[in-house]
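# Coordinate inspection notes
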Amino acid sequence: MNSAVPHSATRPASAHPAGRLEWRRLVRWLRDDGIISETDHDVLDKRFSAADSKQHPLVRLGSAGLNHARTGKTLDTEMLTEWLAKRVGLAYQRIDPLKVDVGRVSDVMSINYAERRRALPLQVGLNEIVVATSEPYDVAWVPEIEAHTRKAIRLVVANPLDLAKFTTEFYTLSRSVRNAVKTGEMAASASFEQLVELGRSNKQLDANDQGVVQVVDWLWQYAFDQRASDIHLEPRRDLAVIRFRIDGVMHTVYQLPPGVMSAMIARVKLLGRMDVVERRRPLDGRIKTRNPQGDEVEMRLSTLPTAFGEKMVMRIFDPDTTVKKLDALGFGVHDAQRWEALTARAHGIILVTGPTGSGKTTTLYSTLKRLATDEVNVCTIEDPIEMIQPAFNQTQVQSTLDLGFAEGLRALMRQDPDIIMVGEIRDLETAEMAIQAALTGHLVFSTLHTNDAASAITRLVDLGVPPYLIGATVIGVLAQRLVRTLCVSCKQPDPDVTADSLNAFVKPWTLNGKVRAYKPVGCLECRMTGYRGRAGLYELLDVTDPARNSISPVPDVATLRRQAVKDGMRPLRLAGAMKIAEGVTTIEEVLRSTPLWEG
């Protein structure tokens, strides 16, 4: 069929004989464009040999140790690929696995065809297919694929190393899924909408089937590679969905048949020593594996019955990200010193508050890891144990054995502890046990779900704790949030954010010092989002003697907030404004994550 896109979309603009790229021609182009010197050209021109012709010339040039003749930058394969794309008049594209229609790759062309042509389908639209290639002049195959798919082909140029890597990964995944489907088809599993389909096989996929094993292995390695914090396996009516949470934002990764999803969940439950048969009630488990670098990674597993089957979430706890130093967590010098002084106290209750996913666990683990020396006994009671730490004595809540937070805390009191961490104060009994532990000379850490630091006091009152006991035992409250940080590779100065606009943003406070605000742009490193990674915002309330007067005999939260500011507390929004002024994040991120000041 005739292409529906302009001629330049499927053919490079520069004149060149059809076929593969040639070493000497590329070297000559590099010299003509002033990318390499005449001397480098002469050396490279003589280096060609037929024995090396199987390796892509861009890869060979990228490993030759060349420097740009004008800028002095190293000419790696990525830079050379970008140069080639401009020279031939095609778009350059770095392959982002999260934006590739992996499930439809094999519908466009076979793996043998893709490897032979050095081409890889990336997106399949209604009328157009985007195909990455490292051979922009080898386009004789384009009309054939257009006729096969009845869609226009738009070529983009990609790094030949990425092309080879992802071709193998994507086609291996597609093959594993197809093999798993061929093994058998899952019956609808306790679906909200049961479908009766006569004549279909009722054979279930085996969790140990090789295709299923390969898909699960790929899923984990892929999640580690993409810096995912959570993996979601979600059953839907027609196609199940795999999603990753990266920097707090969900990304759809892959769609696959519900039967394969059920077998994958069964495989993970098997490895996590969970009840594979039980699908009617929520289950918890954990798995320890290794990332591509060989480091141990723990994953917490959680299942939940939904309308279309069992849903699973795997939370990834990488040791490098779960236990950090205070500056890596995002603490400024001011708050870091105050937090260090607070956690050095011999006894009392320290609360960490914030919504789910705000980094409370990371803060607690990082702090306890630093306090857990050979001279002290650190004990925890958690639900569940987020990550095994050899320096702690960790106990998990087990409701089936009547071992809740209160019962566990009561038992820990008889274990001669110095420092105790209670996963969460949920009820009056747990709160009373924590207060008892603090009154008898222990340092107690715990969490609450409140909007800001001062609200933790009213939350304890709501649970039924007398204000005088709160004032006598609570020594500090840390409220926190996570905001996405700007990508260092592409962020640009934001002239619209000035000292005056930031001071209006955090009124009644005034920021001192130079404002170096930046705005998100988007590049290949951050998947065009403008953000990469996250940092913490902190609001540390130190319960001083004047602050206690605002707690007992009757809590006055507004007065407590004002006193806390006098004692050195910086509200969450002010902490966010300081990160904006430092060029770490943006106003939009801080507005999205922090509450209004109500002092």
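The structure contained in this document is the topic of the report that follows. (Residues numbered from 1 in each chain as written. Predicted model: local features only at pLDDT ≥ 70, side-chain atom pairs only at ≥ 80, totals over all residues. Heavy atoms only, no water.)

## Let's talk about the overall build of the protein
- Within the protein, the secondary structure is distributed over 24 helices and 19 strands.
- Here the C-alpha coordinates of the protein stretch approximately 90 × 70 × 45 Å along the principal axes.
- Classification of the 599 residues of the protein by burial places 52% in the buried group.
- Residue pairs in contact within the protein that sit at least 24 positions apart in sequence constitute 65% of those at least 6 positions apart.
- For the protein, the exposed surface amounts to about 27,800 Å²; the carbon and sulfur share of it is 49%.
- The protein carries 75 positive and 73 negative side-chain charges, and their two centres are separated by 4 Å. (Helix = DSSP H or I, 4+ residues; strand = E, 2+ residues; numbered from the N terminus. Buried < 20%, exposed > 50% of the residue type's maximum accessible area, 1.4 Å probe, protein only. Contact = heavy atoms within 4.5 Å. Areas by Shrake-Rupley, 256 points an atom, 1.4 Å probe, with all protein chains shown as cover. Lys, Arg positive; Asp, Glu negative; His and termini not counted. Charge placed at Lys NZ, Arg CZ, Asp CG, Glu CD.)

## Re helix α10 (residues 210-225)
- In this model α10 runs 22 Å from its N-terminal to its C-terminal C-alpha over 16 residues, within 8% of the 22 Å that 1.5 Å per residue would give.
- Immediately beyond the C-terminal end of α10, within one or two residues, lies R227, with a positive phi of roughly 60°. (Expected span 1.5 Å × (residues − 1).)

## Describing helix α17 (residues 428-439)
- End to end, α17 covers 16 Å across twelve residues, agreeing with the expected 16 Å (1.5 Å per residue, within 8%).
- Restricting attention to buried positions, one finds in α17 the residues T430, A431, M433, A434, I435, A437 and A438.
- Contacts made by the buried residues of α17 are with β11 (348-353), α16 (405-412), β14 (419-422), β15 (443-448) and α19 (467-473).
- Positive phi shows up at G441, right after α17, with a value of about 95°.

## Here we look at the pairing of strand β5 (residues 230-234)
- Here β5 lies mainly inside the structure; five of its five residues are buried.
- Where β5 meets strand β6 (residues 240-246), five bridges bridge the pair, whose relative direction is antiparallel. Residue pairing in the sheet places E234 in a bridge with V241 of β6. (Pairing = 2+ DSSP bridges.)

## Digging into the packing of helix α14 (residues 333-343) against helix α15 (residues 360-371)
- For the pair α14 and α15, the least separation of the axes is 12 Å and the interaxial angle reads 60°. As far as their axial angle goes, α15 and α14 are oblique. For the crossing formed where α14 meets α15, the hand is right-handed. In this structure, α14 contributes W339, E340 and T343 to the contact, and α15 contributes T363, T367, R370 and L371.
- For the contact of α14 with α15, a count of residues per class yields two nonpolar, three polar and two charged. (Axes fitted to C-alpha atoms, helices over the stretch in contact; angles between N-to-C directions. Parallel < 35°, antiparallel > 145°, perpendicular 65-115°, else oblique. Left-handed = near helix turned anticlockwise from the far one by under 90°. Nonpolar A, V, L, I, M, F, W, Y, C, P; charged D, E, K, R; others polar.)

## A word on the side chain of T149
- One can find T149 in helix α8 (residues 142-149).
- Judged by relative accessible area, which is 17%, T149 ranks as buried.
- At 2.8 Å, the side chain of T149 and the backbone oxygen of I145 are in polar contact.
- Sequence-distant contacts of T149, defined by excluding residues within four places in its chain, comprise V108 and I129. (Polar contact = N/O pair within 3.5 Å; in protein donor to acceptor, adjacent residues only side chain to side chain.)

## Structural notes on the nonpolar core
- Core analysis: the largest hydrophobic core is formed by 88 residues, its most contacted members being W141, L233, I242, F244, M264 and M314.
- With nine residues, α10 is the single largest residue contributor to this core.
- Here M314 is in contact with L219, W220, S229, D230, I231, L233, V268, M299, R300 and L301, once residues within four sequence places are set aside.
- By size, the runner-up hydrophobic cluster in this structure holds 43 residues, among which are I349, F405, I435 and I551. (Core = buried A, V, L, I, M, F, W, Y, C linked by side-chain atoms within 4.5 Å.)

## A few points about the state of the cysteines
- Inspection of every chain in the model, using the stated rule, returns zero disulfides.
- Looking at the unpaired C487, the closest cysteine sulfur is the one in C523, lying at 3.7 Å.
- Just so you know, C523 is unpaired, no disulfide at all, and the nearest cysteine sulfur is the one on C490, 3.7 Å from it.
- Overall, C523 belongs to the buried group, its relative accessible area being 15%. (Disulfide = S-S within 2.5 Å.)

## Things to note about the packing of helix α2 (residues 23-32) against helix α3 (residues 38-47)
- Taken N-terminus to C-terminus, the directions of α2 and α3 make an angle of 180°; their axes are 10 Å apart at the nearest point. Here α2 is positioned roughly antiparallel relative to α3, judged by the angle of their axes. Counted together, W23, R24, V27, R28 and R31 of α2 and E38, H41, L44, D45 and R47 of α3 form the full contact between these two elements.
- When the residues that make up the contact of α2 with α3 are grouped by side-chain class, the tally is three nonpolar, one polar and six charged.

## Quick look at the pattern of salt bridges
- Taken as a whole and assessed by the stated rule, the structure comprises 31 salt bridges.
- Where R25 meets E22, a salt bridge forms, and the shortest distance between an N and an O atom there is 3.5 Å.
- Assessed through its relative accessible area of 39%, E22 is described here as partly exposed.
- Through salt bridges with shared partners, one network takes in R286, K288, R290, E296 and E298. (Salt bridge = Lys/Arg side-chain N within 4 Å of Asp/Glu carboxyl O.)

## Observations regarding the sheet that holds strand β13 (residues 393-396)
- Strand order across the open sheet formed by seven strands is β13-β12-β14-β15-β11-β16-β19, with mixed pairing between neighbours. Two strands in the sheet have a free side with no partner beyond their single neighbour: β13 and β19 (531-542). The mean inter-strand angle of the sheet, taken between neighbouring strand axes irrespective of direction, is 20°.
- One ladder, built from four bridges, connects strand β12 (residues 378-382) with β14; its direction is parallel. Along β14, the bridge assignment pairs T380 with M421.
- Packed on one face of the sheet, helix α23 (residues 572-581) meets β16 (474-486) and β19 and runs near 140° to β19.

## Examining the sheet that holds strand β2 (residues 119-124)
- Spatial strand order, β1-β4-β3-β2: four strands in an open sheet with mixed pairing. Looking at which strands have only one partner, the edges of the open sheet turn out to be β1 (91-92) and β2.
- With two bridges joining them, β1 and strand β4 (residues 152-157) adopt parallel strand pairing. Considered in β4, the bridge of Y92 is made with V157.
- Most of the contacts of α8 go to β4, to which it runs at about 135°, and overall it touches β3 (128-133) and β4.

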